[in-house]
Amino acid sequence: CGDWKWITDERKRSGWQSDRAGSLIRFRLKVNETPTMSLTYMTSHATFGNFRVTFQTISHVHTTPLMGCSDVEKFKNQTILPSHGLEGRRQQFSLWDTFIFSGKLDSNDGNANVVMKKTVLDKMDESKDIDYIDMYVLNDNYFGDRKRVKIQTVTSC
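Bear in mind the structure is a predicted one, so any value in this text is a computation, not a measurement. (Residues numbered from 1 in each chain as written. Predicted model: local features only at pLDDT ≥ 70, side-chain atom pairs only at ≥ 80, totals over all residues. Heavy atoms only, no water.)

### Remarks on the sheet that holds strand β5 (residues 51–59)
Then step 1. Here 4 strands make up an open sheet; going across it, the order is β3-β8-β5-β6 and the pairing antiparallel. If you trace the sheet from one side to the other, it starts and ends with β3 (24–30) and β6 (84–86), each paired once. Neighbour to neighbour, the strand axes of the sheet diverge by 30° on average, direction disregarded.
Then step 2. In this structure, β3 lies alongside strand β8 (residues 130–139), joined through 7 bridges in antiparallel fashion. (Pairing = 2+ DSSP bridges. Helix = DSSP H or I, 4+ residues; strand = E, 2+ residues; numbered from the N terminus. Axes fitted to C-alpha atoms, helices over the stretch in contact; angles between N-to-C directions.)

What follows is the structure in structure tokens.
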């Protein structure tokens, strides 16, 4: 929901782009018993800003998406919905960056490990029929002029 759309800009950089705070997009990923997911996104000195990422496990029984447009407020409460914030700003240049969410909990970012444990690994321990994980990305730029988020690729292994 919101304004996510596939864009190829004047520099031939393609990706899912949002320019409006509160815009939410979902990617469904096939996973194994120790899921690792990566997210490649644009960082820039100019217009790119913050966004948040969370996950929902999808089993044979439970296939309904966790969130829709009316659920964006859940991102504000880390107890209800743990999420990880990523920064789209950099000092100079515009470059792609990749963040890896590891099922081995070996990220150098402690919060990413907490989000993976609470939203994915604990759920996989409870249910052995998890085939997919929904990755949700929220444009979290409610303040300032850096409202753009661009996702190039989302992968799992």
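### Quick word on the nonpolar core
Then step 1. Grouped together as the largest cluster of nonpolar side chains are 27 residues, with contacts concentrated most on Leu-39, Phe-51, Val-53, Phe-55, Met-135, Val-137 and Ile-151.
Then step 2. When residues of this core are traced back to their parent elements, those giving at least two are β3, β4 (36–44), β5, β7 (94–102), α1 (110–126), β8 and β9 (149–156).
Then step 3. Ranked by residue count, the leading element in this core is α1, at 6 residues.
Then step 4. Residues in contact with Val-53, not counting those within four places in the same chain, are Leu-39, Ser-83, His-84, Leu-86, Phe-101, Val-115, Met-135, Tyr-136 and Val-137.
Then step 5. Among the nonpolar cores identified, the runner-up in size contains 7 residues, and Leu-24, Val-72, Leu-81 and Tyr-136 belong to it. (Core = buried A, V, L, I, M, F, W, Y, C linked by side-chain atoms within 4.5 Å. Buried < 20%, exposed > 50% of the residue type's maximum accessible area, 1.4 Å probe, protein only. Contact = heavy atoms within 4.5 Å.)

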